[in-house]
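# Structural description and commentary
Chain residues, written in single-letter form:
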Amino acid sequence: MAWYKIPYTAFACPPDPSFPRGYTAKRPFLRVDLRNDNARLPCYVMVDSGADHCTFPLSFGLQLGLDPLTKTASATSGVGYEFVPTYYWPIRIEFPGIRALDVYAGFTSGLDNVGVGLLGQCGFFDRVDVVFNHRAGTFSIEM
Amino acid sequence: MERIAPAVTDFGKLLEGIPRGAWVAISQNEDRVLAYAAELKDAIRKARELGEQNPVVLRVPQLAGGFLF
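So, a few notes on the structure that sits alongside this text. Think of each chain on its own: its residues are numbered from 1, step by step along the sequence as written. Chains and ligands are labelled by the order in which they are written, letters from A for the one and numbers from 1 for the other. The model is predicted, so local features are restricted to residues of pLDDT at least 70 and side-chain atom pairs to those at 80 or more, both for listing and for counting; the totals for chains, interfaces and linings are taken over all residues.

## Regarding the overall build of chain B
Secondary structure is summarised from DSSP: a helix means a run of H or I of at least four residues, a strand means a run of E of at least two, and numbering begins at the N terminus for each. Across its full length, chain B holds two helices and four strands. The secondary structure elements of chain B, listed N-terminal to C-terminal, are β-α-β-β-α-β. Our exposure labels follow a C-beta count within 10 Å of each residue's own C-beta, placed from the backbone: buried means 20 or more other C-beta atoms, exposed means 12 or fewer, and partly exposed covers the counts in between. Relative to its 69 residues, chain B shows a buried fraction of 29%. The contact rule is simple: place each C-beta atom from the backbone, and if two of them lie within 7 Å, those residues are in contact. For chain B, the share of sequence-separated contacts (at least 6 apart) that also reach a separation of at least 24 residues comes to 36%.

## Focus on the overall build of chain A
Helix and strand content of chain A: one helix and twelve strands. Mapped from its N terminus to its C terminus, chain A presents α and β elements in the order β-β-β-β-β-β-α-β-β-β-β-β-β. The globule rule is 2.2 Å times the number of residues to the power 0.38, and the radius of gyration it is compared with is taken over C-alpha atoms. The C-alpha radius of gyration of chain A comes to 16 Å, within 12% of the 15 Å expected for a compact globule of 143 residues. Overall, chain A is about 45 × 40 × 20 Å in size when its C-alpha atoms are taken along their principal axes. Split into buried and exposed, the 143 residues of chain A put 34% on the buried side. At a minimum sequence separation of 6, the contacts of chain A that also span at least 24 residues come to 55%.

## Details of the interface of chain B and chain A
How big an interface is tends to be stated in terms of the accessible area lost upon association of its parts. Counting from both sides, the interface comprises 27 residues of chain B and, opposite them, 35 residues of chain A. Counting residues per element, the ones that place at least two in the side of chain B that touches chain A are β1 (2-4), α1 (11-14), α2 (40-49) and β4 (56-59) of chain B. A class-by-class count of the residues in the side of chain B that touches chain A yields 18 nonpolar, five polar and four charged. In this classification, the charged set is Asp, Glu, Lys and Arg, the nonpolar set is Ala, Val, Leu, Ile, Met, Phe, Trp, Tyr, Cys and Pro, and all remaining amino acids, among them Gly, are polar.

## Focus on the environment of alanine 100 of chain A
Residues and elements named next belong to chain A. Residue placement: alanine 100 occurs in strand β9 (residues 99-108). Judged by C-beta crowding, with 14 C-beta atoms within 10 Å, alanine 100 ranks as partly exposed. Taking the C-alpha atoms as reference points, alanine 100 and alanine 2, separated by 98 residues in sequence, lie 14 Å from one another. Residue contacts for alanine 100: discarding those within four places in its chain leaves Arg92, Ile93 and Glu94.

## Concerning the nonpolar core
Note on terminology: a nonpolar core is a set of buried residues of type Ala, Val, Leu, Ile, Met, Phe, Trp, Tyr or Cys, with members joined through C-beta atoms within 7 Å. Counting residues in hydrophobic clusters, the biggest one holds 45 residues, and the most contacted among them are Leu34, Cys43 and Val45 of chain A together with Val24, Ala25, Ala43 and Val57 of chain B. Ranked by residues supplied to this core, first place goes to strand β5 (residues 39-47) of chain A with five residues. Ignoring sequence-local partners within four residues, the contact set of leucine 34 of chain A consists of Leu41, Cys43, Phe56, Phe60, Leu64, Ile91 and Ile93 of chain A.

## Considering unusual backbone geometry
One non-glycine residue, aspartate 37 of chain A, adopts positive backbone phi at about 50 degrees. Relative to the elements of secondary structure, aspartate 37 of chain A occurs in the loop between β4 (29-36) and β5.

## Observations concerning α2 of chain B
Residues and elements named next belong to chain B. Three or more residues of α2 are buried, namely Leu40, Ala43, Ile44 and Ala47. Projected onto a plane normal to the axis of α2, the buried residues spread over an arc of 95 degrees and lie on a single side. Opposite the buried face of α2, by more than 90 degrees, sit the exposed residues Lys41 and Glu49. Glycine 51 sits one or two positions beyond α2 and adopts a positive phi of about 100 degrees. Directions from the helix axis toward the C-beta atoms define the arc.

Take it as geometry only, folks, not as evidence of what the structure does.
Quick look at the structure:
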């Protein structure tokens, strides 16, 4: 295994009443491929140690051929959301050219408005070492 | 030994002019927008019609404010 250093991705947040001059947010983004059998969906994820599980927009699951009508949802919560139904399936997360992780991942409409996935504790942080260096503008993962 | 991985694309430039709330399909080398639509499946379908079988997908958030997860 090797350590990979990745620059944070910068997002310009426009002025609003709390931040009249706006600000730039640095977010630890990665490009991954989600796999369910032969279905593949390249997308972006944010490394998020605050998420219990790896979780993705429900639209991603539908695109991978996963059918929520065959599942009973679990209730999850986040900022602004409570009791959001989340459906879990085993999928593969590929880090192109580096490694693949088989993960029991959640899919929820609560992330459809965000449009990216979250790499959380179960399935990612419990198998991959991560070091954040926000001041330097980089984070590192061992894979 | 630490390897330097490339940064994720500069979304600010790439997504300039794309309507908020749109699902976007990007080329595999992440340098251009192939298609966008209100539904993810439609953005992917349009990209496939242009020859990109597995575009990279994301959504332009309705609001450009902070993320709190």
